[in-house]
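Structural overview
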Amino acid sequence: GVSMVDRELRMQVWNERLLELLDLPRELMQQPGVTLVDVLRYNIERGEYGPQPDPEAALAQMRERALRFEPHEFERVRPNGRVLHIRGQPLATGGFVTVYTDVTERRAAQDAIERLARTDALTGLTNRHALPVALEQALRGAERDGRPLAVLFIDLDRFKAVNDSLGHEAGDQVLMEAARRLRARVRASDVVARIGGDEFVVVLTGMQDEADGAQVALQIVQTLSE
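My aim in this report is to walk through the structure given alongside it, one point at a time.

Analysis parameters
- Residues numbered from 1 in each chain as written.
- Predicted model: local features only at pLDDT ≥ 70, side-chain atom pairs only at ≥ 80, totals over all residues.
- Heavy atoms only, no water.
- Helix = DSSP H or I, 4+ residues; strand = E, 2+ residues; numbered from the N terminus.
- Rg over C-alpha atoms; globule rule 2.2 N^0.38 Å.
- Buried < 20%, exposed > 50% of the residue type's maximum accessible area, 1.4 Å probe, protein only.
- Contact = heavy atoms within 4.5 Å.
- Areas by Shrake-Rupley, 256 points an atom, 1.4 Å probe, with all protein chains shown as cover.
- Lys, Arg positive; Asp, Glu negative; His and termini not counted.
- Charge placed at Lys NZ, Arg CZ, Asp CG, Glu CD.
- Pairing = 2+ DSSP bridges.
- Axes fitted to C-alpha atoms, helices over the stretch in contact; angles between N-to-C directions.

Attention shifts here to the overall build of the chain. Within the chain, the secondary structure is distributed over 9 helices and 8 strands. By the compact-globule yardstick of 17 Å for 226 residues, the chain is too spread out, its C-alpha radius of gyration being 27 Å. Expressed as lengths along the three principal axes of its C-alpha atoms, the size of the chain is roughly 75 × 45 × 30 Å. Looking at the chain as a whole, 34% of its 226 residues are labelled buried. A sequence separation of at least 24 residues applies to 48% of the contacts in the chain between residues at least 6 apart. Taken as a whole, the chain presents about 13,800 Å² of accessible surface, with 51% of it coming from carbon and sulfur. Side-chain charges in the chain split into 29 positive and 36 negative, and the spacing between the mean points of these groups amounts to 3 Å.

And the structure:
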């Protein structure tokens, strides 16, 4: 999508793709003398930029920023989930040209790759490569809140016998069920990781005292033993 405004922020050029990407009504864009401010006001009123406690103040700030005619490049996620890469370039005569590119699929693919790099393919838990980062974040949070932190190392007894007698497919089912039970037993803010084979790590955050960690550890043993 492409648009061009002059030094007075009047819309001089726009194409059909712009209307499609931004869901702008044709009636708005075809009004005589329509300006970028008119478009911004329409977007604010329909909640395009999220809740605005003071819509007029937000509009004035956007107008002031636009009148600087500075090069800009950023990504914006629309309320419908579409991700737009937006690049604006000022013109020598005043105003600027802005190009809007739909990068939703590319961003989704990048997010999927990053997610795969952080998670264990079988169980969906945090993997051993991402665990140090998650642990570091948990440590900083514990220091900030002045609360203890527990790190539990867990391995499944006699797991090799399952693989040897029933096959690796059955072993995978055991690992996935163990992961499900671990995840269900802890809080959403806690970290559950598989670091290899039948070895898991649980990082407990937000505890009141050390006894909380011991209690959860005993409950995890009971949950996995059923």
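We now examine the sheet that holds strand β7 (residues 191–196). Read across the open sheet, the 3 strands follow the order β6-β8-β7; overall the sheet is antiparallel. This sheet does not close on itself; its edge strands, each paired only once, are β6 (150–155) and β7. Strand-to-strand, the axes of this sheet are offset by a mean angle of 20°, without reference to chain direction. Where β6 and strand β8 (residues 199–204) come together, 6 bridges link them in antiparallel fashion. Residue pairing across strands places Ile-154 opposite Phe-200, the latter belonging to β8. With respect to the sheet, helix α9 (residues 210–225) is in contact with β6 and β8, its orientation differing from that of β6 by roughly 20°.

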